[in-house]
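Listed below are the residues making up each chain.
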Amino acid sequence: MMTNIKKIPLAFGSGIFELDIPEKNISSLILPSEPVKKEDGALLIRKALENPIKSKRLSEIVNPETRIAIIVSDVTRPTPTAKILPPLLEELYSGGARDENITIIFALGLHRQQTEEECRKLLGDEIFKSIRVVQHDRERCRHIGETSFGTPVEVFEEVLDADLIIGTGTVEFHYYAGYGGGGKVVLPGVSSEKAVLSFHSHYSKFFEGEPLSGRVDSPARKDIEEAAGITGLNFILNVVINSKKEIVAAVAGDFVQAHREGARYVDAMYKVQVEPADAVIVSCGGYPKDINLYQATKALENAIPAVKAGGSIVLVAECAEGIGNQVYECWNRDCRSPDDAIERFKQFFEFGGHKSAIVAKVAKQFKLYIVSKLSDEESRSAFFIPAKSVQEAFETILAENPEAKVHIMPEGGWTLPVRK
């Protein structure tokens, strides 16, 4: 009897891997409920700017003398900044704002500095040439307060020197902050190393609890919003994008209320109810979500609710820039087992090491495979079983259980399964 085979493409960096899988082994294709794109992204942004949530329009706030800081995402984020900025600048110009009083600031957090070519590509040539552009410098931050969580609020001086602070970004699920976007451009985006480390250190308190992704009441989100309030974040312009990186929704205005509206869009599109299966094959969705293992682990965490205890997870992530964090890399080398990493994390928090502990926790619950450009040694030290292709990983699972039911998540960086 012929077995019906389904061919499923899975993003890998800027390319794809194809998986041939018998239909009888497919539990489900976990896909977002994305709307058919009907409106131009620029039009959606203009509508959001014309109807800001709990805020005046920017054109009513600025004047020719207003010093404006626009905070934008770095290269590790999929935010379509080059599409967001033109309508945002139009709105500012209509209120009299002048280019010489505008500074665009890349929110790097603790990420690496970007090349000039990367900055130019993210902004577009015309904006890059006509407006002052700086990258966050965590050595040039000023202390302005402290949150109720004890996190110091220490922000890049270029942001604090502005009369008007505007944050841009993408609303998506985040393993710790619940969602990206909103005040996250301030903390950790343009904060000092001390502030960022303090912010992340609180994660150890919630490590053993329920996942925080997709929760607007995440403690980290509250910490973020306190810091953004102390900083004086005046206005946000956030977008929601689909798996094709197209803008399908935009929200603007108050950094809390507008963000909540964006989160509602994300929930409707990307939370998917599932019954756990024997295995899940999850692609991050390609570049930049799989630029390195540090970023790719977010898709791994999203996949957890879709798998039965003791099942298998295959992470499809190119990791062209390797592990992506030196501390994470050191922990992987030093910790000989998942138990080692978890115990070390319980003893003390070290930014980057928390990723090792997160994967270690998952590795104790499931069998982890990875399809990447990492060396076999790097993969194993990060508690994964390396596979040369998605097909090879799937066939290994099938060899152990020919009747295995498998969920497939082509957009694991965006999609959050929720157990029925």
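Caption draft 1: Spatial organisation of the sheet that holds strand S6 (residues 132-135). Reading across the sheet, the 6 strands line up as S6-S5-S4-S9-S12-S13 and stay open at both edges, with mixed pairing between neighbours. Looking at which strands have only one partner, the edges of the open sheet turn out to be S6 and strand S13 (247-253). Taking the axes of each pair of neighbouring strands and ignoring which way they run, one obtains an average angle of 20 degrees across the sheet. Sheet strands in contact with helix H1 (residues 41-50) are strand S12 (235-241) and S13, and its direction is about 20 degrees off that of S13.

Caption draft 2: Local environment of the pattern of salt bridges. Applying the stated criterion across every chain yields a total of 28 salt bridges. The shortest N-O distance in the salt bridge between Arg 120 and Asp 125 comes to 3.4 Å. Take Asp 125: its relative accessible area is 44%, and that puts it in the partly exposed class. Close ionic contact of Glu 318 with Lys 373 constitutes a salt bridge, the shortest N to O distance being 2.9 Å. Taken together, the residues Glu 318 in the loop between strand S16 (307-316) and helix H11 (326-334) and Lys 373 in the loop between strand S17 (367-371) and helix H14 (376-381) connect sequence positions 55 residues apart. What makes Lys 373 exposed here is its relative accessible area of 57%.

Caption draft 3: Molecular detail of the packing of H1 against helix H3 (residues 81-94). Closest axis-to-axis distance for the H1/H3 pair is 9 Å, and the angle between their directions is 40 degrees. With respect to H3, the element H1 is oriented oblique. Along this stretch, H1 crosses H3, giving a crossing that reads as right-handed. Side by side, H1 and H3 meet where Ala 42, Ile 45, Arg 46 and Leu 49 of the first sit next to Lys 83, Ile 84, Pro 87, Leu 88, Glu 90 and Glu 91 of the second.

Caption draft 4: Structural context of the packing of aromatic side chains. On inspection of all chains with the given rule, the structure shows 9 aromatic pairs. Relative to Tyr 328, the ring of Tyr 294 lies with its centre 6.4 Å away and its plane at 65 degrees, an arrangement referred to as edge-to-face. A residue pair is termed long-range when its members are at least 10 positions apart, and Tyr 294 in helix H10 (residues 293-303) and Tyr 328 in helix H11 qualify at 34 residues. Residue Tyr 328 is classed as buried on the basis of its relative accessible area of 0%. Consider the rings of Tyr 294 and Phe 351, whose centres lie 6.1 Å apart with planes at 50 degrees: the pair is tilted. With Tyr 294 in helix H10 and Phe 351 in the loop between helix H12 (338-347) and helix H13 (353-365), the pair connects residues that are 57 residues apart, well separated along the chain. Like Tyr 294, the residue Phe 351 is buried in the burial classification. In this structure an aromatic cluster arises from ring pairing among Tyr 175, Tyr 176 and Phe 199. Over the ring of Trp 414 we find Lys 289, and its NZ or CZ is 4.3 Å from the ring centre.

Caption draft 5: Region of interest: the sheet that holds strand S19 (residues 406-409). Spatial strand order, S3-S19-S15-S16-S17-S18: 6 strands in an open sheet with parallel pairing. The outermost strands of the open sheet, each flanked by one partner alone, are strand S3 (26-29) and strand S18 (385-387). Adjacent strand axes in the sheet meet at a mean angle of 20 degrees, parallel and antiparallel pairs treated alike. Direction of pairing for strand S15 (residues 277-283) relative to S19: parallel, over a ladder of 4 bridges. Across the sheet, residue Ile 281 finds its bridge partner in S19, namely Ile 408. Contacts from H13 reach S16 and S17, with the element oriented near 130 degrees to S16.

Rules used in this analysis
Residues numbered from 1 in each chain as written. Predicted model: local features only at pLDDT ≥ 70, side-chain atom pairs only at ≥ 80, totals over all residues. Heavy atoms only, no water. Pairing = 2+ DSSP bridges. Helix = DSSP H or I, 4+ residues; strand = E, 2+ residues; numbered from the N terminus. Axes fitted to C-alpha atoms, helices over the stretch in contact; angles between N-to-C directions. Contact = heavy atoms within 4.5 Å. Salt bridge = Lys/Arg side-chain N within 4 Å of Asp/Glu carboxyl O. Buried < 20%, exposed > 50% of the residue type's maximum accessible area, 1.4 Å probe, protein only. Parallel < 35°, antiparallel > 145°, perpendicular 65-115°, else oblique. Left-handed = near helix turned anticlockwise from the far one by under 90°. Phe/Tyr/Trp six-rings, centres within 6.5 Å; stacked < 30°, edge-to-face > 60°. Lys NZ or Arg CZ within 6 Å of the ring centre and 35° of its normal.

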